[in-house]
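Descriptive analysis of the structure
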Amino acid sequence: MSSWRSLLLRLGEKCPEYAGNADFKDQVDACHSLVRREIEHSGDDVFPFLLQCAEQLPHKIPLYGTLIGLLNLENEEFVSKLVESTQINLQDALETGQCNKIRILMKFLTVLMCSKVIQPSALVVIFESLLSSAATTVDEEKGIPSWQARADFYITCILSCLPWGGAELVEQVPEEIERVMVGVEAYLSIRRRVSDVGVSAFEDIEETNNVVNEKDFLEDLWSRVQDLSNRGWKLDSVPRLHLSFEAQLVAGKSHDLSPVSCPEQPGPPGALSGIAFGRQKHEAELKYPQRIRRLNIFPSNKTEDLQPIDRFVVEEYLLDVLFFLNGCRKECAAYMVGLPVPFRYEYLMAETIFSQLLLLPQPPFRPIYYTLVIIDLCKALPGAFPAVIAGAVRALFDKITDLDMECRTRLILWFSHHLSNFQFIWPWEEWAYVLDLPKWAPQRVFVQEVLEREVRLSYWDKIKQSIENAPALEELLPPRGGPQFKYSAEDGTDPTERALSLELKDMVKGRKTAREMISWVEENVFPTHGFDITLGVVVQTLLDIGSKSFTHLITVLERYGQVIAKMCTDDDQQVKLIMEVSSYWQNSAQMTAVAIDRMMSYRLISNLAIVRWVFSPLNLDRFHVSDSPWEILRNAVSKTYNRISDLRKEISSLERSVVLAERAASRAGEELESAESKLSVIDGEPVLGENPVRIKRLKSYAEKAKEEEVSVRESLEAKEALLARAVDEIEALFLSLYKSFLTALAEPLHDASRDGTLRPSGHADDMTIDLEDSSVMELDKDDERPKKSHPNGSGERKGYNLDEKQQWCLTTLGYLKAFTRQYASEIWQHIEKLDAEVLTEDIHPLVRKAIYCGLRRPLEE
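Calculation rules
Residues numbered from 1 in each chain as written. Predicted model: local features only at pLDDT ≥ 70, side-chain atom pairs only at ≥ 80, totals over all residues. Heavy atoms only, no water. Helix = DSSP H or I, 4+ residues; strand = E, 2+ residues; numbered from the N terminus. Buried < 20%, exposed > 50% of the residue type's maximum accessible area, 1.4 Å probe, protein only. Contact = heavy atoms within 4.5 Å. UniProt positions renumbered as here; feature names shortened; annotations may be inferred. 1 Å grid on protein atoms, 1.4 Å probe; cavity = no way out; pocket = protein on both sides within 12 Å on 5 of 7 lines; lining within 4 Å. Points joined across faces, edges and corners; volume = space filled by probe spheres on them. Nonpolar A, V, L, I, M, F, W, Y, C, P; charged D, E, K, R; others polar. Patch = residues over 30% accessible without salt bridge, like charges linked within 9 Å, V, L, I, M, F, W, Y side chains within 5 Å. Areas by Shrake-Rupley, 256 points an atom, 1.4 Å probe, with all protein chains shown as cover. Salt bridge = Lys/Arg side-chain N within 4 Å of Asp/Glu carboxyl O. Lys, Arg positive; Asp, Glu negative; His and termini not counted. Charge placed at Lys NZ, Arg CZ, Asp CG, Glu CD.

**Notes on the environment of Ala744**
The topology assignment puts Ala744 in helix H29 (residues 692–752). We classify Ala744 as buried; its relative accessible area is 11%. Along the sequence, Ala744 and Glu497 sit 247 residues apart, while their C-alpha atoms lie 36 Å from each other. With residues near it in sequence (within four places) discarded, Ala744 still touches Phe615, Leu620 and Trp808.

**Here we look at the side chain of Ser355**
Positionally, Ser355 belongs in helix H15 (residues 346–357). Owing to a relative accessible area of 2%, Ser355 belongs among the buried residues under this scheme. Residues contacting Ser355, with those up to four places away along its chain left out, are Ile292, Arg293 and Leu295.

**Brief notes about the UniProt feature "coiled-coil region" (unreviewed entry) in the chain**
Following the UniProt record, the feature "coiled-coil region" (unreviewed entry) maps to residues 637–678 here. Segment residues 637–678 splits into 98% helix and 0% strand. End C-alpha atoms: 62 Å apart.

**Some words on empty space enclosed by the protein**
Scanning the entire structure with this criterion turns up seven cavities of 30 Å³ or more. By volume, the second largest cavity amounts to about 140 Å³. As for the second largest cavity, its lining consists of 17 residues, and the residues nearest its centre are Met405, Arg408, Val445, Asp627 and Tyr815. Mapped onto the lining of the second largest cavity, the elements with two or more residues apiece are helix H18 (405–420), helix H19 (442–457) and helix H30 (804–822). For the lining of the second largest cavity, the element with the highest residue contribution is H18, accounting for four residues. Across the lining of the second largest cavity, the residue classes break down as nine nonpolar, five polar and three charged.

**Points about a negative patch on the surface**
Together, Glu655, Glu714, Glu717 and Glu720 make up a negatively charged patch on the protein surface. The element best represented in the negative patch is H29, accounting for three residues. For Glu720, the position within the fold is in helix H29. Owing to a relative accessible area of 37%, Glu720 belongs among the partly exposed residues under this scheme.

**Structural notes on the pattern of salt bridges**
Enumeration over the complete set of coordinates arrives at 60 salt bridges. With a shortest N-O distance of 2.9 Å, Glu285 and Lys281 are connected by a salt bridge. With a gap of four residues between them, Glu285 and Lys281 both fall in helix H12 (residues 274–287), about one helical turn apart. Across the pair Glu650 and Lys719 runs a salt bridge whose closest N-O atoms are separated by 2.8 Å. Of this pair, Glu650 sits in helix H28 (residues 628–677) while Lys719 is found in helix H29, placing the two residues 69 residues apart along the sequence. Overlapping salt bridges, with partners in common, bring together Asp220, Arg224, Arg294, Arg311, Glu315 and Glu351 in one network.

What follows is the structure, encoded as structure tokens:
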């Protein structure tokens, strides 16, 4: 990397490029001197790199803005070109809905305004364009209120610029910025308050029933900006480096900006049906998602004492670093610990990362990314951050009863993986009290599942050793034994069946083909012993042969899967097949899940058979004490959903290819027609058509182009047929899944609930626990309001008093909501069928509530 690139990239850092000098002013001076000279020789190289730095390292925007302001004093043409390019990029981002780019470029323009590069009035015009679009969108008559998510995003962009340039705007264009503020306040008065019900990591009855008493994210940001305004626009988290160069910058020319236009409304205005409104709202929220939902897991005395706006700004810094540096986690960690703020923010950093890890409906990146970032931060700040992370884990553990089921699963996976990178060291004795809780208590189940996942990542003896400070927790470790082969020599099984198993093993050793094995089964085994024994012999023996490793299992299924497929042709038989797999791997939840997942991949097991098996009596009693059946169900639904998603991507690509092929064929045909229509002179005589050799070549090109077009069209038709079949398959899957949930919940909910609520035994008058609040509640006698009690190792641990059936209902409803939320995009496509066959009038209120929360569909619809 050339020196000028290195200086630009490392601007604002204490690094060798700046000889360890951490003074921002000196760094900007040094960088300005070098970049100014470089522009004279290779300005076309500097221009895109400088813009890229500003866009992808947004926490340094004040530094790059000041640098550009200094360059503007001597090279107005270069800066004018940069401003124009920024405006074009912003317009493109608005049209394509690139949220992060819109937000960053608006912030960048705000900082350029502070450095006298652009006129304040031009920036206000952009604000007003976004404000006008937002106000029109939420207008009941002229707009499409279902797309409020986009309108809210535009207002968020305006407000998030003010910490970087509010003081300058108030000073230079007070009337214009006041007009914007009044417009924002008017918008807030006409929009609908956004509820986090269904996507909040923690949801309780007060949050569900009294949403009107809480601010949503945009209202919260507005209150923070108002607080900043009342403080005279003074804050600590945004470096105001341009003030150090103000005497120089005022001499620069302020460039104008072309106005930007917001995209048209996504449809004609007017009243929509409840389903149409819900679909559009879901689409808008996917395209313009809320960046963060604060967890507030630390007590107020543990978090840093920040101004309200400073918290927002630091969160923006952290989220931007996480987003733009997701490909290089070590750089990401380094930038996160070196933000340009004069105060400590370890607790806020931990809470922000966990907010992303537990973000619903899904995090911006795979959870493994946040795992790696946390590990690197613990290594970068060994004296501070590990203790903060430990505090976060304890805080989340204390609130685990309230935690959404999907978030609980993510937390289990993260925590076990995190511990595996630190020798599985954890003070387990702090949590030994969970053994005194019922086996269905969420804290006990959490510890049990973490230990089970740790065994997967290591081995049983190692994990047992890691809990030596709390040896009683060995009770929660998974079984130590390996596979349970039904026909092993030690078992007292039927000698005939054992002989058949040995004969089958010899056939595998003798490399008999699948066809030969099928003939042996049909002729020698099935007629004599019947289906159940035949299936047991074949499946158990093949699994035993493939039990040495994952590769062995794959090899066996690839070579002899046809034998199983020939035997198990319907769902009833496939359910029995899954039962055999579960019996063989009864001591290993991991291998049970892996084997079933592989069999589904090879089409030996259908997703409908997996749903039936998961909701069979064998598994129903485990719903609230083990994640194993849910893991298998998640894999099955995910695999089906991924198939249809991949097909849609392939069809989209083929549709583009068809357009290109049509253009190529049309172009080749036109060239041939043009050549054939021209007059040429051959042997002194006029002849219609060009040189015959060229005509022949053009005909060949035209024929090949037409063949290519036909081939691509045929591929598209084939994929569309597969998609139609896949759509029918996933519709059948969702109907089967929801009907299974309804059947499983019907009787337990009738026994455990009253008036649409779940009540702990013995506290029917004082306590109410519903779908959104599975926490223990106790009455605060001072103000007669329910107060949460979280077991924490003290006397409060006895507060858990849900009986088993109530906890089973809460857990199952929680998973119902989680599945609905995760696949909401696909479920909305089949909502009419779901309404007709599942969401009927006689459905239990809590089941309806779980599904509606997952879809973020209003209950009063």
